[in-house]
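Residue-level structural notes
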Amino acid sequence: MKERLSKIAAVVAFGLLAVPCLAQSLKDVRINEVLVKNENSYMDDYGQRNGWIELFNSGYSNVNIAGCYLSVDPSNPAATYKIPKNDPRTVIPPQGYVVFFADGSADKGTFYTNFTLDKTGEIYLLDAGKHESDKVTYDLSAMTPDISIGYMTFDQNEGLAWGNLPATTPGSTNEVYEIVPRSEIFREHDPSGFIMTITAMTVVFSALMLLFLCFKAVGNILMRVDANKNAKASGTAPVRQTAAQLNKEAISGEVIAAIATTIRLFEEDLHDKESEVITINRVARTYSPWSSKIYGINNQPVRKR
Amino acid sequence: MAEHNFFQFLGENLVEFAKFTGFANVEYGHIIMILIGLFFIYLAIFKKFEPMLLLPIGFGMIVGNIPFYPGLQIGVYEDGSVLNYLYFGVLKGIYPPLIFLGIGAMTDFSALISNPKLMLVGAAAQFGIFGAYMLALALGFTASEAGAIGIIGGADGPTAIFLSSKLAPDLMGAIAVSAYSYMALVPVIQPPIMKLFTTQKERLIKMRPPRMVSTTEKIIFPVIGILLTCFLVPSGLPLLGMLFFGNLLKESGVTRRLATTASGPLIDIVTILIGLTVGASTQATTFLTVKSVGIFALGALSFVIATSAGVLFVKFFNLFLKEGNKINPLIGNAGVSAVPDAARVSQEVGLKYDKSNYLLMHAMGPNVAGVIGSAVAAGILLGFLS
């Protein structure tokens, strides 16, 4: 029994340890920028220039990457770095960044990996179970000193793409060009707003026209079904009334006004303010141990022998 | 000596305290905004102009313009203040869909279902939105700002707040106040336009009474409504989704408690919060600008365009309708939404010309179609400009 309990405890403990690096939330984290050859660029806390990897949390909740792995060769433990636990800095805030220096030394702290970037041309981000979460590849021979590679919007119509960046931006967005909002691009093509008006009104009319056609059809079908039902019940042929007939049978405005007036008068009669208010309060002594005689101080405790 | 120190200390303390009072920090802008807030409260209480909205907004204006020493975490724009937390629902567009849920749960679409062609009147009135959009562009507003300003013409407060919070959060206060003010002034703005564009003969048109609508039709309406409109304009989903959901709660007949909550306590709570915080967001520093003046002018024009478009569209539509099926153009104004005030205006103007011509139920058709239309238009603007 004890053995079984300890096994369960071990499984639970393993599960809890794996919690900081849940696969689902890790999907929000991507390898965002990499500098392989660092000669005159970003310097680490030890005053040295090494290649670095920037991770970006593209999601809208914190992601703790403790327990996850960074690697340039997952099959080689010497080229795989486990991100330590118990360091609050491994929690990447929403839309936040962290930078790892790939200097090949595993004893400088959380953000220094045990591998360098000039060996394989691949970088992996692995979850706690060593499953691949993100991966980037690069041509080692094409790497230029101090030119980083990463994701950026190189073309407004293409979205994010991977390539050489115009500037190294560790710990911040890779977008260094001024991004023209979509609305302003739209305005360039339609300065007067005329095209927008035509387009939008066409869509609004289409939407409501669809509803109109749909409900005209639904109404007709249901009315026909009703007419058939009534005809079956009365044993006569189904009759659909024309607009003129309906008009004839319609309740006149005067009758509607009379009904409305009656309802109004009736509702007004149910007024909240009364001219006279009679309040009847129930007089009753509510029981409470505090006022009860049986708990009074005159009742001396009785010692039972 | 000790006594001197005591009084000196007391004096210094009082001087220090005086720095934190509103009197020490007041500016002309605050006074102007507080006066506007008081005017709104006056309109709400004594003139009964949209009291549910103008009262919270007016009081919110006072709350937002009490001068204070910055950094005390009390202002609506100060991180961590209670008002800031409440304002979050406006800023992130949370309140408007909740209001739409309530509107859906309290709206009877029977008038529209019984005469579905009235939906097109609701579509025509959306010209107000895009007319104002074009004018705003011409006046030099950015495309996003122009879109947010244009939606005032939809005459739908929650939609205006929702769209402006996405497209132009800086202008949201002015846009919301402008939208609600003109909605309150619908009985003043619309009748002259309705009279201008209609003839005596047209005003006397008697419409066929709406037929009885079955429960099945009422249940089908929100389901088909969301499928058709949101497949066409998915960006309108937050508003249209909640509107039709609320309506299904009401019409299904099996979720009476949910429908009652959505159309009662929920919408009341959200209305209080949205009104107060939108009012409080009109701090003099952000509100009293030249842009705000432009927004108010464009807002008025958008209402005029929307009303005119609705009335003129009905006249045009009548050219294709048989005698007996014709629509009274006096219900064209109701396409601007502003439920139910715009429909009430149709009724009152109609009764002026014929004491037995009751247009209210007919006007409710384009009125609720206007709500759908303005939400669709907001979705389109959001899709193109966000």
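Please refer to the structure placed before this passage.
In this report, we go over the structure that sits alongside the text.

What counts and what doesn't
Residues numbered from 1 in each chain as written. Chains lettered and ligands numbered in written order. Predicted model: local features only at pLDDT ≥ 70, side-chain atom pairs only at ≥ 80, totals over all residues. Heavy atoms only, no water. Helix = DSSP H or I, 4+ residues; strand = E, 2+ residues; numbered from the N terminus. Buried < 20%, exposed > 50% of the residue type's maximum accessible area, 1.4 Å probe, protein only. Contact = heavy atoms within 4.5 Å. Salt bridge = Lys/Arg side-chain N within 4 Å of Asp/Glu carboxyl O. Pairing = 2+ DSSP bridges. Axes fitted to C-alpha atoms, helices over the stretch in contact; angles between N-to-C directions.

**So, the overall build of chain B**
- What chain B contains, in helices and strands, is 21 helices and 0 strands.
- Taken across its 386 residues, chain B has 57% of its residues classed as buried.
- Considering only residue pairs separated by 6 or more positions, chain B has 76% of its internal contacts joining residues 24 or more positions apart.

**Digging into the pattern of salt bridges**
All names here are of chain B.
- On inspection of all chains with the given rule, the structure shows 11 salt bridges over all chains.
- For the salt bridge of Glu 217 with Arg 211, the shortest nitrogen-to-oxygen distance reads 2.7 Å.
- Among the salt bridges present, the one from Arg 344 reaches Asp 341, with a minimum N-O distance of 3.4 Å. Pair noted here: Arg 344 and Asp 341 are both in helix α20 (residues 341-353), with a separation of 3 residues, about one helical turn.
- With relative accessibility at 41%, the residue Arg 344 sits in the partly exposed group.

**Some words on the side chain of B:Ser178**
Residues and elements named next belong to chain B.
- Tracing the sequence through the fold places Ser 178 in helix α12 (residues 172-184).
- Accessibility expressed as a relative area gives 0% for Ser 178, which makes it buried.
- Among residues more than four places away in sequence, those in contact with Ser 178 are Ile 152, Ile 295, Phe 296 and Gly 299.

**What about the sheet that holds strand β8 (residues 122-126) of chain A?**
All names here are of chain A.
- Spatial ordering of the open sheet is given by β5-β4-β8-β9, a layout of 4 strands whose pairing is antiparallel. Looking at which strands have only one partner, the edges of the open sheet turn out to be β5 (80-82) and β9 (132-137). Within this sheet the neighbouring strands show an average axis-to-axis angle of 15°, counted without direction.
- Judged from the 5 bridges that link them, β8 and β9 form a sheet pairing that is antiparallel. Note that in β9 the partner of Leu 125 across the bridge is Asp 134.

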